[in-house]
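Structural description and commentary
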Amino acid sequence: MQKVLIANRGEIALRVIRACREAGLRTVAVYSDADRAALHVLHADEAYRLGPAPAAESYLRGDLILEIAKKAGADAVHPGYGFLSENAAFAEACEATGVTFIGPPASAMRALGSKTKARQAADAAKMPRVPGSVQGLASIEEAKRVAEEIGYPVMLKAAAGGGGKGMRAVASEAEIVAAFTAASSEAERSFGSGEVYLEKLIERPRHIEIQLMADMHGNCLYLGERECSVQRRHQKVIEEAPSGVVSADLRRRMGEAAVRLALSAGYVNAGTVEFLVDDAENFYFLEMNTRLQVEHPVTEMVTGLDLVQMQLRVAQGEPLALKQEDVKLRGHAMECRIYAEDWENNFFPSPGLITRLVQPDGPGIREDCGVYAGWTVPLDYDPMLSKLVAFAETREAAIDRMLRALDEYVVGGIKSNIGLFRLILSDADFRAARIDTGYLDRLLAGPLPELSRVDVAEDVAAVAAALFVAAEQPVAAAGVAEVRTAWAEAARREGLRG
């Protein structure tokens, strides 16, 4: 490999570009019209236009991406996550044109990337799984029949993707028609496939996932677990490694089961097996993500490994340099997904111009960021701005460090969910690791502290600063220009915006 095309955008594209640069590989970015001035475009060695802003006309156009790869002389493609990352047809098309796909082979992706086929593979590997269908549902009538067999509540889920897209909880038969239609339609828009399946909704489980890395020589490692139980609408909000409750024995049992599943399908490269875990340490296979995960940085922090560099080496045929006994976990890492959204207004998206950006720093802080001051957040894509990661020796210290970093974080001009993380990390149940997949919904259902939103606090501070400056500023005499300092001007502008 000499030159890698990154078939993605935002912070993950920039993350891959940096790993490639460290590995001595040249990089090619692609962009839609909405992303012409995006950070990943500015950082890559070369950049090529894909098409209009809608993903269906740009980042989901595998044919255009491979045309650009040929034009740019790229001999490899890294898909990041989302978009085409779990599209077996795209992986095959890369192979057919002689371009290395930095991910699993299409055969493994078909066996495990489809949620329904992964459930069949889990059955063959004798892994415990959540009750439900192992095939895509052919009709609403079939959905009703399966739901009746396993009992309500149930969950409809997209077979071809994840990230909370194409998922609907169904409490009774009266809801299933609307839920089926909505889940299938969203799955079609997000992943190009409207296939959905149905499984029993397990109430109050923990969501624990195992990170895997496999090479082309039959070696596969599990790199510890991540706790992803803090979720909203089935989309992860905070992830941490290791889990606050997983014992060494449970970690080993889950890890060995995940490796067994991957090897049975001839899996290669990075992947994640997701489980639901109950209070008795019983675990149930949920699905496998045949790609790099959004939350991979927390695993990198506690293992000291660079997963993207490992992906690059595996894709070039190198064997894994580690044995399972060499994988050691140290300390605790936590990731907050910073979004452009008004979390106190039903998480309404907040696209627009970022007028000011003050990013946290200091010991144990990492931020994978895809935006800058002056950048306009588009409405066309997932509104994630960055991933803020805190690392410390203990979970409690990681929480305190994250709170300190959040206090330093300022995003001006748009709403953000920074205040939500302050609320969660200050909550007694979260600090005691008393969490499950319904935790955040319960927290938000209760009364919220006043001024919990960071943007409200910033607005108040800006207005106060503007009023203070106005009170101290002498009235300009007739014909005499008023003198303003840079600080006074900044306060006045922020006050007017507030």
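Predicted, not measured: the structure shown is a model, and the values here were computed from it.

With that settled, the discussion passes to unusual backbone geometry. Residues Y152 and P153 are joined by a peptide bond in cis, for which omega reads 0°. Of note, P153 is situated in the loop between α7 (140–150) and β6 (154–158). Residue P242 follows A241 across a cis peptide bond; omega there is -10°. For P242, the position within the fold is in the loop between β11 (235–241) and α9 (248–264). The backbone phi angle of K126 is positive, close to 60°, even though this residue is not glycine. Phi is positive for N269, close to 85°, though the residue is something other than glycine. Here N269 is to be found in strand β12 (residues 269–277).

On to the side chain of E227, then. Secondary-structure assignment places E227 in strand β10 (residues 220–232). By relative accessible area, which is 1% here, E227 ends up buried. Within the structure, E227 has its side chain in polar contact with the side chain of R206 (distance 3.2 Å). At a separation of 2.3 Å, a polar atom in the side chain of E227 contacts the side chain of S229.

Our focus in this paragraph is the sheet that holds strand β5 (residues 100–101). Within a sheet, adjacent strands bond to each other through the backbone by hydrogen bonds, running parallel or antiparallel. The parallel open sheet is built from five strands, whose spatial order is β3-β2-β1-β4-β5. Two strands lie at the open edges of the sheet, namely β3 (46–51) and β5, each paired on one side alone. Inspection of the sheet shows strand β4 (residues 76–78) paired to β5 by two bridges, in the parallel sense. Paired with V77 across the two strands is F101, which belongs to β5. This element, helix α1 (residues 10–22), spans β1 (3–6), β2 (26–32) and β4 of the sheet and lies at about 175° to β1.

Conventions and cut-offs
- Residues numbered from 1 in each chain as written.
- Predicted model: local features only at pLDDT ≥ 70, side-chain atom pairs only at ≥ 80, totals over all residues.
- Heavy atoms only, no water.
- Helix = DSSP H or I, 4+ residues; strand = E, 2+ residues; numbered from the N terminus.
- Buried < 20%, exposed > 50% of the residue type's maximum accessible area, 1.4 Å probe, protein only.
- Polar contact = N/O pair within 3.5 Å; in protein donor to acceptor, adjacent residues only side chain to side chain.
- Pairing = 2+ DSSP bridges.
- Contact = heavy atoms within 4.5 Å.
- Axes fitted to C-alpha atoms, helices over the stretch in contact; angles between N-to-C directions.

Geometric values such as these leave the question of function open.
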